[in-house]
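Results of the structural survey
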Amino acid sequence: MRLFFVAGEPSGDLQGGLLLRALAARAPGLQAEAWGGEHLMSAGAVIRKDIGELAFMGLTDVLRNLPRIWGHFRQVRRDIAAFGPDAVVLIDYGGFNLRVARWAKSRGYRVFYYVSPQVWASRPGRVEKIRRYVDRLFCILPFEKGFYARHGIDVSFVGHPILDRIPPGRPDGAERALFFLENGLRAERPLVALLPGSRRQEVSKILGAMLETARSFPDKQWAVAAVALLPPAFYAELLRRHGSPENVRVLLGKSQELLRHADAALVASGTATLETALHGVPQAVCYRTDPLFYRVARLFVRVPYLCIVNLVLDRPAVRELIQGECTAENLSAALRELDEPAVRERLSADYAELRAKLGTPGAADRAAAEMLARLGR
């Protein structure tokens, strides 16, 4: 069996890698090629395009790179045709992947979509494209099944794969002490995790406000969750430019360990908000993007919240500070609020409800079993 995966972002690469491992366990001898990154590669896929070349953010960045984007689209068609897969597996990255779905379907390939693009948030017109060009959609958020049902589309809700990576419970004292020691942190000081995102543009726009916030809390210690896609020099320059205080550390590739031991977190909107919640860490969510892109996006956004935690719970459980509200003053106020025992107790109950709504572990395996059944294996 031959499958071609298309993931355009680190989160999609991670989910694609988990899915490919589940597929390979059920179908020995499976061959896979992909547009992806380290996770799909380690799961056994031959990488034809690295996701580092696909990171475009904001309207200005997209417009500036339109020739490259169209070139990528021509190349992925060539790569799929040359491989001749039994099915194309698309992962999130809706603006690009729905175009791939249309082309792949027109050429007779089976099309599976794992992790629904967020058409429910801002682009409901894309639902018709999913109906026409996708053979089966596999959703990982519980409210998505109802959304598609209202549009006459029967989809599979397989649960959220994040549950396989983050078991319930907090670390014991010995584990926490070892983490602090290994990373140059002081065990007697509260630890605040800073997760400014994974793309250069968003980190550039968000980390400055986070660092300014850190200067107002000399009694705490802070750790920036750096990602491997961005060079260490990039983070060092941002810390220098914003006059980062001495109580800030940069931890590369340790976001999950950091969240496991953090006492609070400031988090850029995205999957990281779910990870933070499932680790049981009180958080405030913030986001900034290109001003023009934000003004245009606000015309189309149809959901009341940006944070996935709030969307799943259908209430503002986590404070959101978006665009002009993402300031050091507001982040400082939110952090003080997170220190209040009543707020922490309420968030703990909200997080328990969130975990229950996300389903049970085994999302990738359930999706793999259904995909193979539909392919006759």
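Structure shown above.
Here's a quick rundown of the structure. (Residues numbered from 1 in each chain as written. Predicted model: local features only at pLDDT ≥ 70, side-chain atom pairs only at ≥ 80, totals over all residues. Heavy atoms only, no water.)

A closer look at the packing of helix H14 (residues 271–278) against helix H18 (residues 341–357)
Contact geometry for H14 and H18: axes closest at 9 Å, N-to-C directions at 115 degrees. In terms of orientation, H14 lies roughly perpendicular with respect to H18. Every pair of crossing elements has a handedness; the one defined by H14 and H18 is left-handed. Residue-level contacts link Leu274, Thr276, Ala277 and Leu278 of H14 to Tyr351, Leu354 and Arg355 of H18. Residue classes in the contact of H14 with H18 are distributed as 5 nonpolar, 1 polar and 1 charged. (Axes fitted to C-alpha atoms, helices over the stretch in contact; angles between N-to-C directions. Helix = DSSP H or I, 4+ residues; strand = E, 2+ residues; numbered from the N terminus. Parallel < 35°, antiparallel > 145°, perpendicular 65-115°, else oblique. Left-handed = near helix turned anticlockwise from the far one by under 90°. Contact = heavy atoms within 4.5 Å. Nonpolar A, V, L, I, M, F, W, Y, C, P; charged D, E, K, R; others polar.)

A look at helix H1 (residues 10–26)
Over its 17 residues, H1 extends 25 Å from the first C-alpha to the last, a length consistent with the 24 Å expected when each residue adds 1.5 Å. Taken together, the buried positions of H1 are occupied by Gly12, Asp13, Leu14, Gln15, Gly16, Gly17, Leu19, Leu20, Ala22 and Leu23. (Expected span 1.5 Å × (residues − 1). Buried < 20%, exposed > 50% of the residue type's maximum accessible area, 1.4 Å probe, protein only.)

Structural notes on the sheet that holds strand E8 (residues 191–195)
With parallel pairing, 6 strands are arranged side by side in an open sheet as E10-E9-E8-E11-E12-E13. Across the chains shown, the open sheet's two edge strands, defined by having one partner strand only, are strand E10 (248–252) and strand E13 (319–322). Going from strand to strand, the sheet's axes swing by 20 degrees on average, the running direction of each strand aside. The pairing of strand E12 (residues 283–287) with E13 spans 4 bridges and is parallel. From the neighbouring strand, Ala284 faces E13, where its bridge partner is Arg319. Against the sheet, helix H17 (residues 328–338) contacts E8, strand E9 (221–226), strand E11 (264–268), E12 and E13, and its axis sits at roughly 170 degrees relative to E13. (Pairing = 2+ DSSP bridges.)

Things to note about a positive patch on the surface
Together, Arg99, Arg102, Lys129 and Arg132 make up a region of like positive charge exposed at the surface. Mapped by element, the contributors of at least two residues to the positive patch are helix H5 (94–106) and helix H7 (127–133). Note that Arg99 resides in helix H5. Residue Arg99 is classed as partly exposed on the basis of its relative accessible area, which comes to 45%. (Patch = residues over 30% accessible without salt bridge, like charges linked within 9 Å, V, L, I, M, F, W, Y side chains within 5 Å. Areas by Shrake-Rupley, 256 points an atom, 1.4 Å probe, with all protein chains shown as cover. Salt bridge = Lys/Arg side-chain N within 4 Å of Asp/Glu carboxyl O. Lys, Arg positive; Asp, Glu negative; His and termini not counted. Charge placed at Lys NZ, Arg CZ, Asp CG, Glu CD.)

Some points on the pairing of E10
Two elements, E9 and E10, share 5 bridges in a ladder whose sense is parallel. Its bridge partner being in E10, Ala226 is matched across the sheet by Leu252. Following the chain from E9 across helix H12 (residues 232–241) to the adjacent parallel E10, one finds a crossover that is right-handed. (Right-handed = clockwise from strand over helix to strand, strands pointing away.)

Some details on unusual backbone geometry
Of note, Asp92 is a non-glycine position whose phi angle comes to about 50 degrees, a positive value. Tracing the sequence through the fold places Asp92 in the loop between strand E4 (87–91) and H5. At Tyr93, a residue that is not glycine, the phi angle is positive and equals roughly 50 degrees.

Considerations on the nonpolar core
Nonpolar side chains tend toward joint burial in soluble globular proteins. With 116 residues, the main nonpolar core has Phe5, Tyr114 and Tyr148 as its most contacted residues. The element best represented in this core is helix H11 (residues 200–215), accounting for 7 residues. Ignoring any residue separated from it by four or fewer positions in sequence, one finds Tyr148 in contact with Ser116, Pro117, Val119, Val127, Ile130, Leu137, Cys139, Ile153 and Val155. Core analysis: the next-biggest nonpolar cluster, separate from the first, contains 16 residues, Phe179, Leu185, Leu195 and Val281 among them. (Core = buried A, V, L, I, M, F, W, Y, C linked by side-chain atoms within 4.5 Å.)

So, the pairing of E12
Among the 5 residues that make up E12, 5 are buried, leaving the element largely enclosed by the rest of the structure. Side-chain alternation along E12 places Gln283, Val285 and Tyr287 on one buried face and Ala284 and Cys286 on a second face that is also buried. Looking at chain direction, E11 and E12 are connected through 4 bridges and run parallel. Across the sheet, Leu266 pairs through a bridge with Ala284, a residue of E12. The parallel pair E11 and E12, bridged by H14, forms a crossover whose chirality is right-handed.

Describing the pattern of salt bridges
One pass over the full model with this rule turns up 20 salt bridges. In this structure, Asp154 engages Lys145 in a salt bridge whose closest nitrogen and oxygen atoms are separated by 3.6 Å. On the basis of relative accessibility, which here comes to 55%, the residue Asp154 falls in the exposed class. Note that Glu175 is salt-bridged to Arg260, the shortest N-O span being 2.7 Å. Of the two residues, Glu175 sits in helix H10 (residues 173–182) while Arg260 sits in helix H13 (residues 255–261), which places them 85 residues apart along the sequence. Here the salt bridges do not stand alone but share partners, grouping Arg136, Lys145, Asp154, Glu370 and Arg374 into one network.

A word on the packing of aromatic side chains
Overall, the coordinates contain 10 aromatic pairs when judged by the stated rule. Between Phe112 and Phe138, the aromatic rings sit 6.1 Å apart at their centres with planes inclined by 75 degrees, giving edge-to-face as the arrangement. Of this pair, Phe112 sits in strand E5 (residues 110–114) while Phe138 sits in strand E6 (residues 136–139); the two residues are 26 residues apart in sequence, bridging distant segments of the chain. Phe138 matches Phe112 in its accessibility class, with the two residues each being buried. One aromatic cluster in this structure is built from Trp35, Phe73, Tyr93 and Phe96. Positioned above the aromatic ring of Trp35, the side-chain terminus of Lys49 is 5.7 Å from the ring centre. In this structure, Arg200 packs its charged tip against the face of Phe234, placed 4.7 Å from the ring centre. (Phe/Tyr/Trp six-rings, centres within 6.5 Å; stacked < 30°, edge-to-face > 60°. Lys NZ or Arg CZ within 6 Å of the ring centre and 35° of its normal.)

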